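Here are the chains, one letter per residue:
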Amino acid sequence: MELSNHLILIGSALILVSIIAGTLSSRFGAPLLLVFLVLGMLAGEDGPGGLKFNDYDTTYLVGSVALAMILFDGGLRTRWKDFRGVSAPAAVLATAGVLITAAITGVAARFLLGVDWLEGLLIGSIVASTDAAAVFLLLSARAMRLRDRLSSILEAEAGLNDPMAVLLTITCVGLITSTDPSLTLDTATIVAGQFSLQIVGGLLAGLFGGYALLTALNGLSIASGLYPVLAASGALLLFAGAQEIGASGFLAVYIAGLVVGNRRHKATLLINRFHDGLAWLCQIIMFLILGLLITPSSLIPVILPAVAIAAALMFIARPVAVGLSLAAFRYPPREIAFVSWVGLRGAVPIFLGTIPVIAGVDNAETYFGVVYVVVMASLIVQGWSVNAVGRRLGVLLAPRPAQPPRVEIDLPSDLGKDMTAYTVQARSMALRRDLARLPLPENIDVVSIIRDGILRTPADLERLAPGDDVILLAPPDQTAALDRLFGARQPGQNDPDAVGEFSFDAQAPLGAIADAYDFWIPSNRRETAVGDFLRRNLLRMPVTGRRLHLVSVELIVRRAENGRIITVGIELDPITGRWRRLFDLTKVWLESRLGRR
Amino acid sequence: MEIRDLLTSDSVIANLRVTSKKQALQELAGAVSRVTDLDERAVFDVLMEREKLGTTGVGNGIAIPHGKLPGLDKLYGMFARMEKPIDFQAIDEQPVDLIFLLLAPESAGADHLKALARVSRLLRDRATCDKLRGTDNAEALYAILSNSADVQAA
């Protein structure tokens, strides 16, 4: 009894710390999953936590459940029309692409580790697929906005390419452990058969399971809190069932998620919200447990060859595989380059790395260490740089505006409309017109408005004010339009509220500006161009309206193109929160001490 | 901070006849030197130094040239309405016809910034600008400027 209490204590504390550390890491652009992984390592036997955890079977179990849930959630959130447009290139990437990646990385592993061809190929296969958890998480970040086609292909690839890697891994393990490892026609037929079963079976199971789940959701009358649980357990059943018959459970749950997410069903919002939280929890738990599993000191002997393998994967295998796979689809070179760079590895390879260990392959724990280092290297190098690379390649769009506070309510009648409530934001479009002339999309009715806690009808009021709560009856697919209407407008380049009273050329020396407006700057930054100074201290993509506080004024990005600041604004009488002020000043001070001259 | 703390009735020019940004700043520096005991050249140099960092043409036909001068004892403003709009290399590339010049003592610090923010808010108000553009009488201009209530931006 004491043990289980300890487990609860440690488990929940780790999850809480992960969440808090995650919010801090976003300030520095560190990949979130890396933070969870490192926390797991810190809690483990070489870290201050000192927990001994060496259970590959438990890891495999937890990893399976977590991956199934993450993929199901990914499918739920993928819009069919986005998916359809990229399904062909994504499918090629997920099959031929994985094969090419595995082969090239396998050759590298063969020579770098001095193992047999088959063992080399095993390592190549394990690290061949991109990670759904890492890619989904990366692409949902607000600052990472890509053209729809580009983010869709990356998501679809991550959702679809696991079965191929699983298949390759299992085949290699099978060949290595079998008594007669020579590749005969018979084994080739078997492999081809397994492959078709994995893919075709996974697809069919996904479609069938998805529609079955839909029928269950719409047909059963149960307590509303149970709908998301029904969906989750249905997805897990489907995953395990598909695996049981030799089909790909990963593919099946992703497809099932896609089916359920794109069809009308009851409790849509409840299910989406529940699965959003569940996917987060799964990501945290999976990476924590993977961090716990490894003994960092055991990685030291393999670290050099493993880093070389990671480099071969990132700089040769993945670009070649992407280039060949997408050659027929006429993607512009910079998009191909970006897809190559977003080949994030994550939980899937680590998870697949446990398979040879469980199967008792010789030296499997060494291979596991290699895979681990490759994943870490990918998360650190690619995960950390993906924003900068996107900017350099010019594929990033301006970040989405912050979503205005919105609450949705599922109506039990299921007429295809939800109740949606917004709090009107200052500087929103809705404030610029009278209520009667509000540019509402068709099919939307304003039900009522709450001002200062008092219920008003639309007829009572002439115009909305910031802070009003507006309740509307709207179809769920109109939320984007409503977000635009009630959310704060993107700052215009000539709106002094957004970009400050005056402006400077980005080349103007900071010292002269500081003298003219009496604000503090670090003394060794007087000769720095104001644009460079601002860009270095923002730590984020310079986008119109982003600000840096400096004691009595704020410097603001007024105009930026492709990550380069053109004009800097200044706000002379800013209202800044105390923490924001402290944070910015610390940042500026640190940058002046540590940054290059 | 009120506009009448910055501006006196004799520092309003109703019809400034100039054709360029440089000429406008020269004329304004001259006008400043006639009401204060500041050196015309020094005022002009300070204003041009500031323009080098980036234009003070803030858009919508407005310019707010400004700078700090030693030997000034208080904030000093001057308003001019151009007879014809001039090119000021403004941020929106539109010609400028309303200029509010503001000079501050070396030590003005926060007051200087507050005054600039106040002037900027004043001239951001479309109705006020329309009124200013519709009058070519110095006293009327002064009345419009000094009677405007401060609508603090949200």
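Residues numbered from 1 in each chain as written. Chains lettered and ligands numbered in written order. Predicted model: local features only at pLDDT ≥ 70, side-chain atom pairs only at ≥ 80, totals over all residues. Heavy atoms only, no water.

Participant: Give me the environment of Leu-145 of chain B: which residues, what numbers.
Facilitator: Residues and elements named next belong to chain B. Secondary-structure assignment places Leu-145 in helix H5 (residues 138-147). The buried category is assigned to Leu-145, whose relative accessible area is 0%. For the pair formed by Leu-145 and Leu-123, sequence separation is 22 residues and the distance between their alpha carbons is 9.3 Å. In this structure, Leu-145 is in contact with Ile-3, Leu-7, Phe-79, Leu-122 and Leu-132, ignoring residues within four places of it in sequence. (Helix = DSSP H or I, 4+ residues; strand = E, 2+ residues; numbered from the N terminus. Buried < 20%, exposed > 50% of the residue type's maximum accessible area, 1.4 Å probe, protein only. Contact = heavy atoms within 4.5 Å.)

Participant: A description of the packing of helix H14 (residues 333-341) of chain A against helix H16 (residues 364-393) of chain A should follow, citing residues and the corresponding values.
Facilitator: Residue and element names in this part refer to chain A. Packing of H14 against H16 leaves a shortest axis separation of 10 Å and a crossing angle of 170°. Classified by the angle their axes make, H14 and H16 are roughly antiparallel. Residue-level inspection shows Arg-334, Ala-337, Phe-338, Ser-340 and Trp-341 of H14 in contact with H16, the latter providing Val-381, Gln-382, Ser-385, Val-386, Val-389, Gly-390 and Leu-393. Among the residues forming the contact of H14 with H16, the class breakdown is 7 nonpolar, 4 polar and 1 charged. (Axes fitted to C-alpha atoms, helices over the stretch in contact; angles between N-to-C directions. Parallel < 35°, antiparallel > 145°, perpendicular 65-115°, else oblique. Nonpolar A, V, L, I, M, F, W, Y, C, P; charged D, E, K, R; others polar.)

Participant: Talk me through a nonpolar patch on the surface; I want residue IDs and the actual numbers.
Facilitator: A grouping of Trp-520, Val-551, Trp-589, Leu-590 and Leu-594 of chain A is seen on the molecular surface, where their side chains present a nonpolar patch of about 520 Å² in accessible area. Among the secondary structure elements, Trp-589 of chain A is positioned in helix H21 (residues 578-594). (Patch = residues over 30% accessible without salt bridge, like charges linked within 9 Å, V, L, I, M, F, W, Y side chains within 5 Å. Areas by Shrake-Rupley, 256 points an atom, 1.4 Å probe, with all protein chains shown as cover. Salt bridge = Lys/Arg side-chain N within 4 Å of Asp/Glu carboxyl O.)

Participant: A description of the packing of aromatic side chains should follow, citing residues and the corresponding values.
Facilitator: All names here are of chain A. Throughout the structure, instances matching the rule amount to 12 aromatic pairs over all chains. Residues Tyr-56 and Phe-368 carry aromatic rings whose centres are separated by 5.3 Å and whose planes lie at 75° to one another, so their mutual orientation is edge-to-face. Pair noted here: Tyr-56 is in helix H3 (residues 56-77) and Phe-368 is in helix H16, with a separation of 312 residues, a long-range link. Seen from their ring centres, Phe-250 and Phe-351 are 6.0 Å apart, and the 85° between their planes marks the pair as edge-to-face. Separated by 101 residues along the polypeptide, Phe-250 in helix H11 (residues 249-261) and Phe-351 in helix H15 (residues 347-359) bring together distant segments of the chain. Comparing Phe-250 with Phe-351 shows no difference in burial state: the two are buried. Linked through ring pairs, Tyr-60, Phe-239, Phe-250 and Phe-351 together constitute an aromatic cluster. It is Arg-110 that lies over the ring of Phe-111; its NZ or CZ is 4.8 Å from the centre. The ring of Trp-117 carries Arg-110 above its face, with NZ or CZ at 4.9 Å from the centroid. (Phe/Tyr/Trp six-rings, centres within 6.5 Å; stacked < 30°, edge-to-face > 60°. Lys NZ or Arg CZ within 6 Å of the ring centre and 35° of its normal.)

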